[in-house]
Amino acid sequence: MPPRRPMELRTRHEAILNAILQKSVLTRDWDRAKRAFGLLVRGRWVDLRKVWDLGRDLILRTEKNQAQAAEYLNRLILQYP
């Protein structure tokens, strides 16, 4: 079997992380969803603007200190308009 090209591996990796993220959100497993989201946005191929809404919702649902969460989101808005 020939080795896979890097782009195919990236696409597969992104698809798997998306599946984990979506299932975690549906089952309300917020810790797992946060971990999957964190791994997903670390990929250089991911456009953060496309997953921005989901990330915002995760932060607001899971953070106990809402003021810190709002401050963090404001910083992200400035970095990724």
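Here, residues in each chain are numbered from 1, in the same order as that chain's written sequence. Owing to the predicted nature of the model, reporting of local features is limited to residues with pLDDT of at least 70; listing and counting of side-chain atom pairs is limited to 80 or more, with chain, interface and lining totals taken over all residues. Side-chain metrics rest on all non-hydrogen atoms present in the structure, leaving aside hydrogens and water.

Student: I'm lost on the overall build of the protein in this one. Help?
Tutor: Each helix is a run of H or I in the DSSP string that is no shorter than four residues. Each strand is a run of E no shorter than two, and both are numbered from the N terminus. A tally of helices and strands in the protein yields 4 helices and 0 strands. Counting from the amino terminus, the protein carries its helices and strands in the arrangement α-α-α-α. A total of 81 residues make up the protein; the buried ones form 25% of that total. Whether two residues are in contact is decided by their heavy atoms, any of which lying within 4.5 Å being enough. Taking contacts inside the protein between residues at least 6 apart in sequence as the whole, the part at least 24 apart equals 40%. For the protein, the exposed surface amounts to about 6600 Å²; the carbon and sulfur share of it is 54%. Each residue is assigned to one of three classes by its accessible area relative to the maximum for its type, calculated with a 1.4 Å probe on protein chains only: buried under 20%, partly exposed between the two thresholds, exposed over 50%. Accessible surface area values rest on a Shrake-Rupley calculation with a 1.4 Å probe, where residue burial reflects the displayed protein chains alone.

Student: Explain the nonpolar core here, please?
Tutor: Here the nonpolar core consists of buried residues drawn from Ala, Val, Leu, Ile, Met, Phe, Trp, Tyr and Cys, with membership extended through side-chain atoms lying within 4.5 Å. Counting 10 residues, the largest nonpolar core is built from Leu-17, Leu-21, Ala-33, Ala-36, Phe-37, Leu-40, Val-46, Leu-48, Val-51 and Leu-58. Sorting the residues of this core by element identifies helix H1 (6-26) and helix H2 (30-42) as the ones contributing at least two each. When residues in this core are grouped by element, the largest group, 4 residues, is from H2. In contact with Leu-17, not counting residues within four places along its chain, are Ala-36, Leu-39 and Leu-40. In terms of nonpolar packing, the next biggest core, distinct from the first, is built from 5 residues, Trp-52, Ala-69, Leu-73 and Leu-76 among them.

Student: Would you mind showing me how to read unusual backbone geometry here?
Tutor: Negative phi characterises most residues that are not glycine, and trans characterises most peptide bonds. Even without being glycine, Arg-28 reaches a positive phi, approximately 60°. Topologically, Arg-28 is positioned in the loop between H1 and H2. Accessibility expressed as a relative area gives 61% for Arg-28, which makes it exposed.

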